[in-house]
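# An overview of the molecular structure
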Amino acid sequence: MTGATTDDMVSETLRIAVPPRAVYDTVTRVADMGRWSPECTGGEVKGGGGAAEIRAGTLFTGHNRSDRRPWSTRCTVTAADPGERFTFVVRAVGLRIAVWSYRFEPLDEGRATQVTETWIDQRGWLMRRISPVVSGVRDRAGFNRRGMRQTLRRLKEALEEEHRAS
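Report follows, based on the coordinates. (Residues numbered from 1 in each chain as written. Predicted model: local features only at pLDDT ≥ 70, side-chain atom pairs only at ≥ 80, totals over all residues. Heavy atoms only, no water.)

## A look at the overall build of the protein
We count it as follows: Helix and strand assignments come from DSSP, with helices taken as H or I runs of at least 4 residues and strands as E runs of at least 2, each series counted from the N terminus. Only C-alpha atoms enter the radius of gyration; for comparison, a globular chain is expected to reach 2.2 Å times N to the power 0.38, where N is the number of residues. Under the scheme applied here, a residue whose accessible area is under 20% of the maximum for its type counts as buried, over 50% as exposed, and between as partly exposed, the area being computed with a 1.4 Å probe on protein chains only. Any two residues whose heavy atoms approach within 4.5 Å at even a single point are treated as in contact. Residue-level accessible areas treat just the shown protein chains as cover; the underlying method is Shrake-Rupley with a 1.4 Å probe. Only four residue types enter the charge count: Lys and Arg as positive, Asp and Glu as negative, with His and the chain ends excluded. Here the site of a charge means NZ on Lys, CZ on Arg, CG on Asp, or CD on Glu.
Each helix and strand counted, the protein has three helices and eight strands in total. Relative to the compact-globule value of 15 Å for 166 residues, the protein shows a C-alpha radius of gyration of 15 Å, a close match. Expressed as lengths along the three principal axes of its C-alpha atoms, the size of the protein is roughly 45 × 35 × 25 Å. Here the protein holds 166 residues, and 45% of them are scored as buried. Taking as baseline every contact in the protein between residues at least 6 positions apart, the subset at least 24 positions apart corresponds to 52%. Looking at the protein as shown, the accessible area adds up to about 8800 Å², and 50% of this sits on carbon and sulfur atoms. For the protein, the distance from the average site of its 27 positive side-chain charges to the average site of its 21 negative ones is 7 Å.

## Re the pattern of salt bridges
Quick note on the threshold: Basic side-chain nitrogens of Lys or Arg form a salt bridge, by our definition, when they fall within 4 Å of a carboxyl oxygen of Asp or Glu.
Evaluation of the coordinates by the stated rule reveals 12 salt bridges. Across the salt bridge formed by Arg-29 and Asp-32, the nearest N and O atoms sit 3.3 Å from each other. Arg-140 serves as the salt-bridge partner of Glu-39, at 2.9 Å between the closest nitrogen and oxygen. Of the two residues, Glu-39 is situated in the loop between helix H1 (20-27) and strand E3 (40-45) and Arg-140 in helix H3 (residues 140-165); the sequence distance between them amounts to 101 residues. What makes Glu-39 buried here is its relative accessible area of 11%. Through salt bridges that share partners, Asp-8, Asp-121, Arg-123 and Arg-128 make up one connected network.

## As for the pairing of strand E6 (residues 85-92)
Let me state the cut-off plainly: For two strands to be treated as a pair, DSSP must find at least two bridges joining them.
Most of E6 sits inside the fold, with six of its eight residues counted as buried. For strand E5 (residues 70-81) and E6, the ladder comprises seven bridges, and the chain directions are antiparallel. Counterpart to Thr-76 in the pairing with E6 is Val-89. Where E5 folds back on E6, the antiparallel hairpin that results is connected by three residues, among which Gly-83 adopts a positive phi of roughly 75°. A loop of two residues connects E6 with strand E7 (residues 95-107), the two strands running antiparallel in sequence, and Val-93 in this loop sits at a positive phi of about 45°.

## Side note on unusual backbone geometry
In this model, Val-93 sits at a positive phi of 45°, which is unusual for a non-glycine residue. Its location among the elements puts Val-93 in the loop between E6 and E7. Phi angles above zero are rare outside glycine, and Asp-108 is one such case at about 50°. Residue position: Asp-108 is located in the loop between E7 and strand E8 (112-121).

And the structure:
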């Protein structure tokens, strides 16, 4: 696993021995994100759509939980290119919080995928002050880096196991 971290951006990359479209289809099922993420417990697409309905402009509610309490965010998909990328903007109480993005690059003639998960902090001064109170997380970049590593490892283990069995 490789990664990069600044105060405003975290990126982690991992190879998964599954084709890009299969990884994309799994990541865009936002209701299932709680299976992989240590903080996000899942999501609900407005109108109840599944991954097949995810496209730029799709709205969903993201559900999260920390040691302190649960909270939800409003998310807008800005890019949904099957097998290539999935990006969404996160807002809370009407304010921008972050941009999350996943890139899916084919490896081994399309039999494997290099997945890169990226978080870009979009919080203004007000949200930077209140988010530690809500989430209990003071070092958001470090916390997200650790969470992304765990998310990608869990995703890799589940997908590779699933594809071995099929």
